[in-house]
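Residue strings, one per chain:
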Amino acid sequence: LAILESVLWDAVPSFLRKLNSQCVLSLDKALPLDHVPIHFSSWMGGDRDGNPNVTPKVTFEVATTQRLQVAKLLLNDVVVLYKELAICKGFSPDMLGLAAAVKVSYDRRELYRRVLGHVKDRLLST
């Protein structure tokens, strides 16, 4: 599980930023936001080709543990971002729509914090 944090959470985004910079430099074109240049898979909890210790229960437990770890990592990043954001006056229509969809919030005028606070609350309930 340490791989999730040290490699997937930290190193891959750094690599993708460098890849994007190189694409801009070499091709004069950024990577599309929906482009997925790297695909991951894991055998953890899925080694069912003869290992009698890997049962459906084990697979479920491993998947649940990984899901919770990623939710905690995301929560930490959301909390940091929430603390770093300041009041802003210019918002995109998409941001205005997201903020309007959040019905309960302590952040009435700070729309980024309003949305991130909602994301944080949802992660905490995960």
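Another aspect to go through is unusual backbone geometry. Positive phi is not limited to glycine here, since Asp28 has a value of about 60 degrees. Its location among the elements puts Asp28 in the loop between helix H1 (2-27) and helix H2 (56-84).

Turning next to the layout of surface pockets. Volume-wise, the second largest pocket comes out at about 150 Å³. The wall of the second largest pocket is formed by Tyr82, Val102, Val104, Ser105, Tyr106, Asp107, Arg113, Arg114, Gly117, His118, Lys120 and Asp121. Ranked by residues supplied to the lining of the second largest pocket, first place goes to helix H4 (residues 111-124) with six residues. Among the residues forming the lining of the second largest pocket, the class breakdown is four nonpolar, three polar and five charged.

Turning next to the packing of helix H3 (residues 93-101) against H4. Where H3 contacts H4, the two axes come as close as 9 Å, and the packing angle between them is 55 degrees. Comparing their axes, H4 and H3 come out oblique. Read as a crossing pair, H3 and H4 show a hand that is left-handed. In this structure, H3 uses Met95, Leu96, Leu98 and Ala99 to contact H4, whose residues at the interface are Leu111, Tyr112, Arg114 and Val115. A class-by-class count of the residues in the contact of H3 with H4 yields seven nonpolar, no polar and one charged.

Let's shift gears to the pattern of salt bridges. Where side chains of opposite charge bring their charged atoms close, a pairing between them can arise. Counting across every chain of the model gives two salt bridges. A salt bridge links Glu61 to Lys57; the nearest nitrogen and oxygen atoms lie 3.9 Å apart. Taken as a pair, Glu61 and Lys57 lie in helix H2 at a separation of four residues, close to a single helical turn. Glu61 sits in the partly exposed class, given a relative accessible area of 40%. Look at Lys57 and you get exposed, because its relative accessible area is 59%. The salt bridge partner of Arg113 is Glu110, with a shortest N-O separation of 3.0 Å. In this structure Arg113 comes out as buried when scored by relative accessible area, which is 19%.

What counts, and at which threshold
Numbering of residues starts from 1 in every chain and runs along the sequence as written. Given that this is a predicted model, residues contribute local features only at a pLDDT of at least 70 and side-chain atom pairs are listed and counted only at 80 or more, while totals for whole chains, interfaces and linings are drawn from all residues. As a convention, hydrogens and water are excluded, and side-chain values are obtained from all of the structure's heavy atoms. Here a strand is any run of E in DSSP of at least two residues, a helix any run of H or I of at least four, and the numbering for each starts at the N terminus. Grid spacing is 1 Å over the protein atoms alone, the probe is 1.4 Å, and a cavity is where that probe fits but cannot get out, while a pocket is an open set with protein on both sides within 12 Å along at least five of seven lines and lining residues have an atom within 4 Å of a point. Grid points are joined across faces, edges and corners, and a volume is the space filled by probe spheres set on the points. For this scheme, ten residues count as nonpolar: Ala, Val, Leu, Ile, Met, Phe, Trp, Tyr, Cys and Pro. Four count as charged, namely Asp, Glu, Lys and Arg, and the remainder, Gly too, count as polar. Angles run from 0 to 180 degrees between N-to-C directions of axes, and those axes are lines fitted to C-alpha atoms, restricted for helices to the stretch in contact. If an angle is under 35 degrees, it is roughly parallel; if it is over 145, roughly antiparallel; if it lies from 65 to 115, roughly perpendicular; otherwise it is oblique. Whether a crossing is left-handed or right-handed is set by the direction in which the near helix is turned from the far one by less than a right angle, anticlockwise for left-handed and clockwise for right-handed. In this analysis, two residues are considered to be in contact whenever any of their non-hydrogen atoms come within 4.5 Å of each other. Take a side-chain nitrogen of Lys or Arg and a carboxyl oxygen of Asp or Glu: if they are within 4 Å of each other, that pair is a salt bridge. Type-normalised accessible area, obtained with a 1.4 Å probe on protein chains alone, sets the label of each residue: buried when under 20%, exposed when over 50%, and partly exposed for intermediate values.

Functional significance is not addressed by these values, which are geometric in nature.
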